[in-house]
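Residue-level structural notes
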Amino acid sequence: MAEKIALTTTIPVEIVYAAGMTPVDLNNIFISCDAPGQFVDRAEQAGYPRNICGWIKGLYTTLLEQESLRQVIAVTQGDCSNTHALMETWQVAGVKVIPFAFPYDRDYDLLKLQMEKLIQALGAEWDAVRRWKTRLDQVRKKAQEIDRLTWEAGVIDGETNHLALVCCSDFNGDPDAYEAYLDQIIAAARVKQEGEPAKGSSGPGQTVRLAYVGVPPIVTDLYSYIESMGGQVVFNEVQRQFAMPFDEGDIIEQYRRYTYPYSIFDRIDDINREVERRRIDGIIHYTQSFCYRQIEDIILRQRAGVPLLTLEGDRPGPLDARSRMRIDAFLDMLAG
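Residues numbered from 1 in each chain as written. Predicted model: local features only at pLDDT ≥ 70, side-chain atom pairs only at ≥ 80, totals over all residues. Heavy atoms only, no water.

Now for the overall build of the protein. What the protein contains, in helices and strands, is 15 helices and eight strands. Here the protein has a C-alpha radius of gyration of 20 Å; the compact-globule value for 336 residues is 20 Å, and the two agree. Dimensions of the protein, computed from C-alpha atoms along their principal axes, come out at roughly 60 × 45 × 35 Å. For the protein, buried positions account for 57% of its 336 residues. For the protein, contacts bridging at least 24 residues in sequence account for 70% of all contacts bridging at least 6. Carbon and sulfur atoms form 50% of the exposed surface of the protein, whose accessible area is close to 14,400 Å². Both charge centroids of the protein, one from 36 positive and one from 49 negative side chains, sit 2 Å from each other. (Helix = DSSP H or I, 4+ residues; strand = E, 2+ residues; numbered from the N terminus. Rg over C-alpha atoms; globule rule 2.2 N^0.38 Å. Buried < 20%, exposed > 50% of the residue type's maximum accessible area, 1.4 Å probe, protein only. Contact = heavy atoms within 4.5 Å. Areas by Shrake-Rupley, 256 points an atom, 1.4 Å probe, with all protein chains shown as cover. Lys, Arg positive; Asp, Glu negative; His and termini not counted. Charge placed at Lys NZ, Arg CZ, Asp CG, Glu CD.)

What follows is the structure, given as structure tokens:
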């Protein structure tokens with residue numbers, strides 16, 4: 001059985017597979033467990049402050065709860081600014097930490113150096129990395145087809161889209177099984193497509209088309225609530241980036257084009273292109289409590305081409321009443 005290694009976010013996962021290891025995205029394990037709120041509580045009992053991101057606290061406990069995970073690749077630049085301290089608390093607990101940094105200025109040579117260091121640390125080789133890129137790109141294309149069937153055909157809901165794309169960070173540790181899972185979604189969507197017309201832009205009796213922008217939500221019922229109120233998420237920004245939505249042969253260039261770790265301006269350019277292409281009526285910008293990315297909401301509001309609603313999440317659980325009311329009002333405004 002392949003040795004497992006944890007991830008704090010999306011990294012060049014081809015390197016992990018090329019080293020004969022199994023990647024495990026801690027975010028997916030944390031948010032899909034039976035009681036993610038208890039993981040946050042345990043981190044606070046261990047001494048994590050109240051005013052620290054719930055995702056960070058969840059990741060801390062998730063890794064320590066997994067006996068098979070004793071090493072982790074932690075992204076020190078291009079993700080959460082609290083990762084440095086998170087790494088140190090893991091090290092105290094006896095976990096081996098391997099750092100990886102996305103260069104802020106998207107410098108090709110610096111990114112290549114980081115990838116070479118990770119290859120060396122895991123004992124992989126470039127030829128195997130490139131072979132795995134070819135294999136994983138085949139799976140990613142199916143995730144991208146699910147995305148197309150979401151926004152163009154309207155036969156896949158926003159939450160299914162979210163789950164299909166977000167797990168491209170590690171392919172659930174088994175690319176073959178993950179590809180089969182995507183195939184099932186595509187097959188069901190095509191059957192549905194034959195039986196109903198595509199959904200268009202908002203208007204009387206039509207669905208409000210929304211973009212979800214920002215980190216994946218820690219709240220558990222956001223997508224289902226939006227859909228129950230007449231909205232449809234047809235663009236999941238960061239999740240789509242996890243699926244590497246570009247035809248790029250060079251793996252280093254591929255991770256340069258991946259927008260999430262870099263400047264907000266690269267992300268806004270991508271968002272605005274997709275808003276126009278997908279005929280989106282409004283944006284929901286999700287921000288995590290105590291995250292530095294909340295500050296970027298200032299810039300996003302100035303540059304967004306359509307109305308924008310900012311929602312803040314803190315701990316795992318359902319939407320609070322205030323957030324539901326704000327979503328209701330936003331959808332009413334767009335539909336009107």
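The subject of this paragraph is the nonpolar core. Core analysis: the largest hydrophobic core is formed by 97 residues, its most contacted members being I73, W90, L122, L210 and I327. If one sorts the elements of this core by residue count, helix α7 (residues 126–151) sits on top with eight residues. Each residue touching W90, except ones within four places of it in the same chain, is listed here: T8, L26, L59, Y60, L63, L64, V72, V95 and V97. Core analysis: the next-biggest nonpolar cluster, separate from the first, contains 15 residues, F235, I268, I271 and V275 among them. (Core = buried A, V, L, I, M, F, W, Y, C linked by side-chain atoms within 4.5 Å.)

For the coordinates displayed, the defined rule picks out zero disulfides. Not engaged in a disulfide, the cysteine C168 finds its nearest cysteine sulfur in C167; these two sulfurs lie 7.8 Å apart. The class for C168 is buried, based on a relative accessible area of 1%. Here C291 stays free of any disulfide, with the sulfur of C80 as its closest cysteine sulfur at 5.9 Å. Residue classification places C291 among the buried positions, given a relative accessible area of 15%. (Disulfide = S-S within 2.5 Å.)

The next point concerns the side chain of N236. As for its position among the elements, N236 is in strand β6 (residues 231–236). With sequence-adjacent residues up to four places away left out, N236 is seen in contact with G158, N161, H162, Y212 and Y223.

If you trace the four strands from one edge of the open sheet to the other, you get β6-β5-β7-β8, paired in parallel fashion. Whereas interior strands pair on both sides, the edge strands pair on one side only; in this sheet they are β6 and β8 (308–313). In this sheet, adjacent strand axes meet at a mean angle of 30° when their direction is disregarded. As paired elements, strand β7 (residues 282–288) and β8 share six bridges and run parallel to each other. When the sheet's bridge partners are listed, I283 is paired in β8 with L308. Each of β5 (208–213), β6, β7 and β8 touches helix α15 (residues 321–335); the most contacted strand, β8, lies at about 165° to it. (Pairing = 2+ DSSP bridges. Axes fitted to C-alpha atoms, helices over the stretch in contact; angles between N-to-C directions.)

With parallel pairing, the four strands of this open sheet are ordered in space as β2-β1-β3-β4. The open sheet has two edge strands with one neighbour each: β2 (22–25) and β4 (96–101). Pairwise comparison of adjacent strand axes, ignoring direction, gives a mean angle of 30° for this sheet. In this structure, strand β1 (residues 4–7) lies alongside β2, joined through four bridges in parallel fashion. Residue I5 lies in a different strand from β2, and its bridge partner there is P23.

Moving on to the pattern of salt bridges. Summed over the entire model, instances satisfying the criterion amount to 30 salt bridges. Notably, a salt bridge pairs R240 with D147, separated by 3.9 Å at the nearest N-O pair. Pair noted here: R240 is in helix α11 (residues 237–242) and D147 is in helix α7, with a separation of 93 residues, a long-range link. With its nearest N and O atoms 2.8 Å apart, the salt bridge here joins D221 to R324. On the criterion of sequence distance, the pair formed by D221 in the loop between β5 and α10 (222–228) and R324 in helix α15 is long-range, its members being 103 residues apart. Looking at R324, the relative accessible area reads 29%, which means it is partly exposed. Connected through shared salt-bridge partners, D147, R240, D270, R273, E274, R277 and R278 make up one network. (Salt bridge = Lys/Arg side-chain N within 4 Å of Asp/Glu carboxyl O.)

Within the secondary structure, R257 sits in helix α12 (residues 251–257). Placed twelve residues apart in sequence, R257 and P245 show a C-alpha to C-alpha distance of 9.2 Å. Contact partners of R257, with chain neighbours within four places excluded, come to R106, Q241, F246, D247 and E248.

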